[in-house]
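Structural overview for review
Each chain, written out:
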Amino acid sequence: FGIAIGKLDMPEIERLPDLAERKNIDKVGGLLFKARKEIAQAMKESQPGGDPKRAAQKVNDAGATLRTLLEKDKLSVVAWRLLGLVYIDQGRNQEAVDALSKAVEIKPDDLASVMPYMRALLAVGRNADALAVARKTESVGDIVERMGADSPAERPGEGGVRIGDPAPKQALRRLGLVDD
């Protein structure tokens, strides 16, 4: 499924959730696959020539699907992570923090959850908490180097880490996470 999403192979993306539901591959009646399909549809509609309103609706649909899934399986790291990413996309940063914190609580070493969690913490001004998460996870420099300019917390002019920063320490200093 990940390969199909990476290529935005919509026929395959459309086919797989039905198969997952029939065979209960994800143990929640195909809901995880359905949510990923809705996210892929939103990605496709977000591209040039797409329909931004339809993209927003698909993001909303994915959020609803993920909340339904989480009623059945409260320990799904992937579902909590995806819900957090949906909330980030919607600008609902505190809700993103809440969802992503659950993903990180369940699996603390999952960088796919830790990175957006830190970004969400930064977006709500919880810089010290983001630093604490970084320290628990791995070296702060490695995390800062991995953080790109692809989230609201890191866009130029919003106090975030920017691509091209000469050194991770300067990026951390600008965020107020370290002193000289």
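Residues numbered from 1 in each chain as written. Predicted model: local features only at pLDDT ≥ 70, side-chain atom pairs only at ≥ 80, totals over all residues. Heavy atoms only, no water.

Here we take up the confidence of the model for the chain. Of all residues in the chain, 73% attain a pLDDT of 70 or more, and the chain-wide mean is 79. Per-residue pLDDT, averaged within each element of the chain, yields its smallest value for helix α10 (residues 168-175) (48) and its largest for helix α6 (residues 93-106) (97). Scored below 50 in pLDDT, residues 149-172 makes 46 contacts in the model with residues more than four places away or belonging to other chains. pLDDT under 50 marks residues 174-180. Its contacts with residues more than four places away, or in other chains, come to 18 contacts. (pLDDT = per-residue confidence, 0-100. Helix = DSSP H or I, 4+ residues; strand = E, 2+ residues; numbered from the N terminus. Contact = heavy atoms within 4.5 Å.)

Ranked by size, the top nonpolar core spans 33 residues in total, and within it Leu-66, Leu-69, Leu-83 and Tyr-117 carry the most contacts. Residue assignment for this core shows that the elements contributing at least two residues are α3 (31-46), α4 (52-72), α5 (77-89), α6, α7 (111-123) and α8 (127-137). The greatest single-element share of this core, amounting to eight residues, is contributed by α5. (Core = buried A, V, L, I, M, F, W, Y, C linked by side-chain atoms within 4.5 Å. Buried < 20%, exposed > 50% of the residue type's maximum accessible area, 1.4 Å probe, protein only.)

Structurally, Ile-39 is set in helix α3. In the structure, Ile-39 is positioned 20 residues away from Val-59 in sequence and 6.0 Å away in space, judged by C-alpha atoms. If sequence neighbours within four positions are ignored, Ile-39 has contacts with Ala-62, Leu-82 and Val-86.

A word on the pattern of salt bridges. Side-chain pairing between opposite charges can occur once the charged atoms of the two side chains come close. Following the criterion strictly, the structure yields five salt bridges and no others. The partner of Arg-54 in a salt bridge is Glu-45, and the shortest N-O contact between them spans 3.4 Å. Here Arg-54 falls in the partly exposed class, since its relative accessible area comes to 39%. The residue Arg-126 makes a salt bridge to Asp-129 at a minimum N-O spacing of 2.6 Å. Accessibility expressed as a relative area gives 33% for Asp-129, which makes it partly exposed. (Salt bridge = Lys/Arg side-chain N within 4 Å of Asp/Glu carboxyl O.)

Further remarks concern α7. The first and last C-alpha atoms of α7 sit 18 Å apart over 13 residues, in line with the 18 Å expected at 1.5 Å per residue. Across the 13 residues that make up α7, a large majority, 10, are buried. Of the positions making up α7, those classed as buried are Ser-113, Val-114, Met-115, Pro-116, Tyr-117, Met-118, Arg-119, Ala-120, Leu-121 and Leu-122. One or two residues past the end of α7 sits Gly-125, with phi positive at roughly 80 degrees. (Expected span 1.5 Å × (residues − 1).)

On to the environment of Leu-75. When you line up the elements, Leu-75 lands in the loop between α4 and α5. With a relative accessible area of 63%, Leu-75 lands in the exposed category. Considering only alpha carbons, one finds Leu-75 and Glu-105, 30 residues apart in sequence, at a separation of 9.7 Å.

Turning our eyes to something else, we now look at the packing of α4 against α5. Packing of α4 against α5 brings their axes to within 9 Å, and their N-to-C directions diverge by 150 degrees. Between α4 and α5, the interaxial angle falls into the category roughly antiparallel. Crossing of α4 over α5 shows left-handed handedness. Judged by residue contacts, Val-59, Ala-62, Gly-63, Leu-66, Arg-67, Leu-69 and Leu-70 of α4 engage Ala-79, Trp-80, Leu-82, Leu-83, Val-86, Tyr-87 and Asp-89 from α5. Its residues assigned to classes, the contact of α4 with α5 comprises 11 nonpolar, one polar and two charged. (Axes fitted to C-alpha atoms, helices over the stretch in contact; angles between N-to-C directions. Parallel < 35°, antiparallel > 145°, perpendicular 65-115°, else oblique. Left-handed = near helix turned anticlockwise from the far one by under 90°. Nonpolar A, V, L, I, M, F, W, Y, C, P; charged D, E, K, R; others polar.)

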